[in-house]
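# Descriptive structure summary
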Amino acid sequence: MLLCTGITAQSGILHGHFLNYDVRNGLSNRNINCLTQDSRGLIWIGTEEGLNRFDGVNFKWYLSDDGEGAIPDNDVNHILSTKDGKLWVALAGRGVALYHPQTDSFIPVTWESPNSSRLAGNVRFIFQNNDNNLWLACSNTALHEGGLVKLNPEDLSSTFISDELKISPFHIAKDPNNPDLLWLAGSRFGWYNMQTGEFGLENFQGDGADKIRSYEWITPTSDGRFLVSTWGRGVIEFDPQNRSWGTPAVYDRNEVYTAQRNAVRKLVPKKGDTYWVMTADAGFGEYNASTDQFAFYKHDDTNPFSIWHISGRDVFEDQQGIVWVGMASGLSILNPYVQQINYKPIPIGSNQNDQHFKFNHAARIGNNLVISASYANGYYLLDPETKE
């Protein structure tokens, strides 16, 4: 079906045109942890084996064995591009790294932890407060330890703050009403008061609370609420002012609760009450907060323009509205302006195998428009009357 937007939903299934990348066509590693776009428009991709920069045509790898000025660690958890043009990289084992575009090199930033040397280097997320200070979420899920690091981006001085409540934070969000309060999602859900230095817990206590393995992400809404992504109970609304929870929104309604289902990693605003949703067990799709309905893109082995497999890691929408999806199997790029047309694979041994076109070449055969993709051994066929 030809779509003006490239996206359609029916019975919980979405269809779209994806361009896919993995180690065979540019990435240093297919396990993608995080994605962002810098002030120059370049896309940065953090993997388990190296940081990748993509200009739309070519990938450039940044690896720990690159020599002087190399990134300190290959396992990248998060990337923050700040308004002043700096790029901060959160690493799984070596603190954070500050990227200098002028020299195309990195400056390592580390600190000491009073509890665990392993905790000191494992940074899951970087948050910039209104005063420009950086707050780093440090976590060691194996030991159920955590903490925060307050980092001055000018002189790189830092203060480690031990998390006595063992929230073990993965993500940080500011409170919409109290400028002194940071909300933390991790092994537990809670807050930190930057003025008093106090931590507090506000874990979900409703139906199926014991199936929540972790609180993954906090997405603010326009009316001052949070949509909290959980591993095990889907998306749960939280009111930070009243400290109250809503009812979990789940996509797998199996009567047997398990923490391996409804594993939502992240919500990103799309339009109105609709959000891009990234999950570990159902892949990438959309969530409508008004109806609590989910819909997902599905992988199709016969279609090279379907999304990669289901285990999702990160998603963001760039300055042009193109959606970048990081999976455990590679990078999928969804362009909503690309028209989606049904894919027709060519059977092996068919005479049509000899008709090779360049990728995206269009030709009219009778009343049909054929758009070819020779590298995929198939083509797209558009009927101008039915638009299918």
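Residues numbered from 1 in each chain as written. Predicted model: local features only at pLDDT ≥ 70, side-chain atom pairs only at ≥ 80, totals over all residues. Heavy atoms only, no water.

### Quick word on the overall build of the protein chain
Worth spelling out the cut-off: Numbering of helices and strands runs from the N terminus; a helix is a DSSP stretch of H or I covering at least four residues, while a strand is a stretch of E covering at least two. Each residue is placed in one exposure class: buried if its accessible area under a 1.4 Å probe, protein chains only, is under 20% of its type's maximum, exposed if it is over 50%, and partly exposed if it falls in between. Two residues form a contact once any of their heavy atoms are found within 4.5 Å. Each accessible area is a Shrake-Rupley estimate made with a 1.4 Å probe; only the visible protein chains count as cover when residues are assessed.
A tally of helices and strands in the protein chain yields one helix and 34 strands. Here the protein chain holds 388 residues, and the buried ones make up 53% of them. In the protein chain, once contacts between residues fewer than 6 apart in sequence are set aside, the share between residues at least 24 apart is 47%. With an accessible surface of roughly 18,400 Å², the protein chain has 45% of that area assigned to carbon and sulfur atoms.

### Some points on the packing of aromatic side chains
Let me state the cut-off plainly: Any pair of Phe, Tyr and Trp rings, taking the six-membered ring for Trp, is counted once the centres come within 6.5 Å. Such a pair is stacked with planes under 30 degrees apart, edge-to-face with planes over 60 apart, and tilted for the rest. Sitting over a ring, as applied to charges here, requires NZ of Lys or CZ of Arg to be within 6 Å of the ring centre and within 35 degrees of the ring normal.
The full count for this structure, using the stated rule, is 29 aromatic pairs. Centroid distance Tyr99 to Phe106: 5.1 Å. Interplanar angle 50°. Geometry classified as tilted. Classification of Phe106 by relative accessible area gives buried; the value is 5%. The interplanar angle of 10° and the centroid separation of 5.4 Å between the aromatic rings of Phe284 and Tyr297 together place this pair among those described as stacked. Pair noted here: Phe284 is in strand 26 (residues 284-288) and Tyr297 is in strand 27 (residues 293-297), with a separation of 13 residues, a long-range link. For the residue pair Phe284 and Tyr297, the accessibility class agrees, reading buried in each case. Over the ring of Phe170 we find Arg124; its NZ or CZ atom is 4.1 Å from the centre of that ring. Of note, Arg213 hangs over the ring of Trp231, and the distance from its end group to the ring centre comes to 3.8 Å.

### Side note on the pairing of strand 28 (residues 312-317)
Filter applied, for reference: In this description, strands pair whenever DSSP reports at least two bridges between them.
When you tally the buried positions in strand 28, you get five out of six residues, the bulk of the element. Taking the residues that link successive antiparallel strands as the turn, the strand 28-strand 29 (residues 323-327) hairpin has five residues, and the phi of Gly321 there is positive, at about 85°.

### As for the environment of Pro176
If you trace the backbone, Pro176 turns up in the loop between strand 16 (169-174) and strand 17 (181-186). Judged by its relative accessible area of 41%, Pro176 falls in the partly exposed class. Through-space distance from the C-alpha of Pro176 to that of Thr221 is 9.6 Å; in sequence the pair is 45 residues apart. Apart from the residues within four sequence positions on either side, Pro176 is in contact with Gly224, Phe226 and Pro240.

### Details of the side chain of Arg265
The cut-off we apply is this: Whenever a nitrogen or oxygen atom comes within 3.5 Å of another N or O atom, the pair is scored as a polar contact, on the condition that within protein one atom can donate a hydrogen and the other can accept it, and that pairs from neighbouring residues in sequence are kept only if both atoms are in side chains.
Position of Arg265 relative to the elements: it lies in strand 24 (residues 264-271). Polar contacts involving the side chain of Arg265 include one to the main-chain carbonyl oxygen of Gly312, which spans 2.3 Å. In contact with Arg265, not counting residues within four places along its chain, are Glu216, Trp217, Ser229, Trp231, Met278, Thr279, Ala280, Ser311, Gly312 and Arg313.

### Some remarks on the sheet that holds strand 13 (residues 134-140)
Which entries qualify depends on this criterion: In this analysis an axis means a line fitted to C-alpha atoms, helices contributing only their contacting stretch, and an angle means the value between N-to-C directions, from 0 to 180 degrees.
With antiparallel pairing, the four strands of this open sheet are ordered in space as 12-13-14-15. Whereas interior strands pair on both sides, the edge strands pair on one side only; in this sheet they are strand 12 (123-128) and strand 15 (158-162). Across this sheet, the average inter-strand angle for adjacent strands is 20°, counted without regard to direction. Both strand 12 and strand 13 contribute to a ladder of five bridges, which runs antiparallel. Within strand 13, the position partnered with Val123 by the bridge is Cys138.

### Considering the pattern of salt bridges
Defined as follows: Salt bridge criterion: a side-chain nitrogen from Lys or Arg within 4 Å of a carboxyl oxygen from Asp or Glu.
Tallying each qualifying case throughout the model produces 11 salt bridges. Notably, a salt bridge pairs Arg225 with Glu237, separated by 2.3 Å at the nearest N-O pair. Here Arg225 is found in the loop between strand 20 (214-220) and strand 21 (226-231), whereas its partner Glu237 is found in strand 22 (residues 235-239), with 12 residues between them in sequence. Salt bridges linked by common partners bring Arg53, Lys60 and Asp104 together as one network.

### A word on the environment of Leu267
On the secondary structure map, Leu267 appears in strand 24. Taking the C-alpha atoms as reference, Leu267 lies 9.3 Å from Asp314; in sequence the two are 47 residues apart. When sequence neighbours within four positions are dropped, the list of residues in contact with Leu267 reads Trp217, Thr219, Leu227, Ser229, Val235, Tyr275, Trp276, Val277 and Tyr287.

### Description of the side chain of Lys266
Counting through the fold element by element, Lys266 comes out in strand 24. On the accessibility criterion, Lys266 (10% relative accessible area) is buried. Of the polar contacts made by the side chain of Lys266, one reaches the backbone oxygen of Val315; its length is 3.4 Å. The contacts of Lys266, once residues within four sequence positions are left out, are Trp217, Ser229, Trp276, Val277, Met278, Asp314 and Val315.

### Let's talk about the pairing of strand 6 (residues 50-54)
A large share of strand 6 lies buried, amounting to five of its five residues. The two faces of strand 6 match: Gly50, Asn52 and Phe54 on one face and Leu51 and Arg53 on the other face are all buried. Counting the residues between successive antiparallel strands, the hairpin from strand 5 (residues 43-47) to strand 6 contains two residues. With four bridges connecting them, strand 6 and strand 7 (residues 59-62) associate as antiparallel partners. In the sheet register, Asn52 faces strand 7, and the bridge partner there is Trp61. Remark: four residues form the turn of the hairpin made by strand 6 and strand 7, two consecutive strands paired antiparallel; Gly56 in that turn has positive phi of roughly 100°.

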